[in-house]
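# Summary of the model geometry
Listed below are the residues making up each chain.
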Amino acid sequence: MTDAVAHVARKPLADVSEEEFLRDLISHLRHDEAVAKEVPEGIGLECFPQRTVNGFKLDLFGLYHNVCARGGFPVEHNGSAAKVPWSWSKEIFMGMANYTSTHRCTSVGHDLIQSYRKYLLSYEIAHPEDVNKTGKAPTGEVPRGAQTARVRMAGVGGDKRRRTGEGSGRKRREG
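Below: a short report on this structure. Predicted model only: the values in this text are computed from it and were never measured. (Residues numbered from 1 in each chain as written. Predicted model: local features only at pLDDT ≥ 70, side-chain atom pairs only at ≥ 80, totals over all residues. Heavy atoms only, no water.)

## Things to note about the overall build of the chain
Formally: Helix numbering and strand numbering both begin at the N terminus, where a helix is a DSSP run of H or I of at least 4 residues and a strand a DSSP run of E of at least 2. Working definition of accessibility: Shrake-Rupley area with a 1.4 Å probe, residue cover restricted to the visible protein chains.
Looking only at helices and strands, one finds 5 helices and 4 strands in the chain. Mapped from its N terminus to its C terminus, the chain presents α and β elements in the order α-β-β-α-β-β-α-α-α. For the chain, the accessible surface area stands at approximately 10,200 Å², while carbon and sulfur atoms represent 51% of it.

## Section: the pattern of salt bridges
Operational definition: Salt-bridge detection follows one rule: a side-chain nitrogen of Lys or Arg within 4 Å of a carboxyl oxygen of Asp or Glu. Note on exposure labels: buried denotes an accessible area under 20% of the residue type's maximum, exposed denotes more than 50%, and partly exposed covers the range between, all computed with a 1.4 Å probe on protein chains only.
Tallied over the entire structure, the rule returns 6 salt bridges. Across the pair Glu41 and Arg30 runs a salt bridge, and its minimum N-O distance is 3.7 Å. Here Glu41, found in the loop between helix 1 (18–30) and strand 1 (52–53), pairs with Arg30, found in helix 1; they are 11 residues apart in sequence, far enough to count as distant. A residue is classified by how much of its surface remains accessible, and Arg30, at 25% relative accessible area, is partly exposed. Here Lys118 makes a salt bridge to Glu38, at a shortest N to O gap of 3.4 Å. Residue Lys118 is found in helix 4 (residues 108–126), and its partner Glu38 is found in the loop between helix 1 and strand 1; the two are separated by 80 residues along the sequence. Accessibility expressed as a relative area gives 35% for Lys118, which makes it partly exposed.

## Quick notes on the packing of aromatic side chains
Rules: In this analysis, rings of Phe, Tyr and Trp, with Trp reduced to its six-membered ring, are considered paired at centre separations within 6.5 Å, and the interplanar angle assigns stacked below 30 degrees, edge-to-face beyond 60, and tilted for intermediate values.
If you walk through the whole model with that rule in mind, you get 11 aromatic pairs. An angle of 85° between the planes, with centres 5.8 Å apart, marks the rings of Phe48 and Tyr119 as edge-to-face. Placement of the pair is Phe48 in the loop between helix 1 and strand 1 and Tyr119 in helix 4, with a sequence separation of 71 residues. There is no split in this pair, since Phe48 and Tyr119 are both buried. Ring plane angle 70° and centroid distance 5.3 Å describe the contact between Tyr64 and Tyr123, whose orientation is recorded as edge-to-face. Taken together, the residues span a long stretch of sequence, with Tyr64 in helix 2 (residues 60–69) and Tyr123 in helix 4 at a distance of 59 residues.

## Quick notes on the packing of helix 1 against helix 2
Stated formally: Each axis is a line fitted through C-alpha atoms, and for a helix only the stretch in contact is used; angles between axes span 0 to 180 degrees, taken between their N-to-C directions. Our angle categories are set so that under 35 degrees counts as roughly parallel, over 145 as roughly antiparallel, 65 to 115 as roughly perpendicular, and the remainder as oblique. By definition, residues are in contact when any of their heavy atoms lie within 4.5 Å. Just so you know the grouping, Ala, Val, Leu, Ile, Met, Phe, Trp, Tyr, Cys and Pro go in nonpolar, Asp, Glu, Lys and Arg go in charged, and all remaining residues, Gly too, go in polar.
Between helix 1 and helix 2, the shortest axis-to-axis distance is 10 Å and the interhelical angle comes to 90°. Relative to helix 2, the element helix 1 lies roughly perpendicular. In this structure, helix 1 contributes Glu18, Phe21, Leu22 and Leu25 to the contact, and helix 2 contributes Leu60, Phe61 and Tyr64. Per-class residue counts for the contact of helix 1 with helix 2 are 6 nonpolar, no polar and 1 charged.

## As for helix 1
Short version of the rule: Multiplying 1.5 Å by the residue count of a helix minus one yields the expected span of that helix.
Between its first and last C-alpha atoms helix 1 spans 18 Å; for 13 residues at 1.5 Å apiece the expected length is 18 Å, and the two agree. For helix 1, every residue scored as buried is listed here: Glu18, Phe21, Leu22, Asp24, Leu25, Ile26, His28 and Leu29. Against the buried residues of helix 1 lie helix 2 and helix 4.

## Quick word on the side chain of Glu124
Operational definition: When charges are counted, Lys and Arg contribute as positive and Asp and Glu as negative, whereas His and the chain ends are disregarded. Whenever two N or O atoms come within 3.5 Å, that pair is a polar contact, provided that in protein one can donate a hydrogen and the other can accept it, and provided that, for residues adjacent in sequence, both atoms are side-chain atoms.
You can see Glu124 is positioned in helix 4. An unpaired buried charge is present at Glu124: no salt bridge exists, and Lys133, the closest side chain of opposite charge, is 7.9 Å distant. A polar contact is formed between the side chain of Glu124 and the backbone nitrogen of Phe73, at a distance of 3.1 Å. Apart from the residues within four sequence positions on either side, Glu124 is in contact with Tyr64, Val67, Cys68, Gly72, Phe73, Tyr116 and Val131.

## What about helix 4?
Helical geometry: 3.6 residues make up each α-helical turn, so side chains three or four residues apart lie on a common side. Cut-off, in case you're wondering: Given a residue, its bend is the angle between the two axes fitted to the seven residues that end at it and to the seven that start from it.
The first and last C-alpha atoms of helix 4 sit 26 Å apart over 19 residues, in line with the 27 Å expected at 1.5 Å per residue. Leu120 marks where helix 4 bends most, by close to 60°. Residues Val108, Gly109, Leu112, Ile113, Ser115, Tyr116, Tyr119, Leu120, Ser122, Tyr123, Glu124 and Ala126 constitute the buried set of helix 4. Buried residues along helix 4 sit in contact with helix 1, strand 1, helix 2 and helix 3 (88–94).

In structure tokens form, the structure reads like this:
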């Protein structure tokens, strides 16, 4: 995070809608020289972020809520995340709108860590009040994205992926 990124007052996280969160995040990222290129001027909520997980636009709202509810991003040592008592690929991913019970994402934990670092870590640092400091796991359902995350991204696999029971690739190529 650069010194130019100032903490801007915002409603408590629990009172912020997904749209308000994304608008605030985009504004924050545009003022952070290290990641401003990820949010070019003119990009709208429907195109942000361009990163996908499980064929859907990355649910930054759900990812942020889930990590903050568990105490925030783990303190890094030598460039790698510290051990946490929760699983990125289980608890965090399952709490996001990107999750489906039939997903085949094999590197989802790694992808979520990298995406959090890229899009959300400086935002979390600017909003320390969002982080649950009790050290206790969330007891209720944590908010997840609704409108933006469940949109399949065009040209990113999505509907072109093979579904179980559609036959072999060989039969499709010969057909």
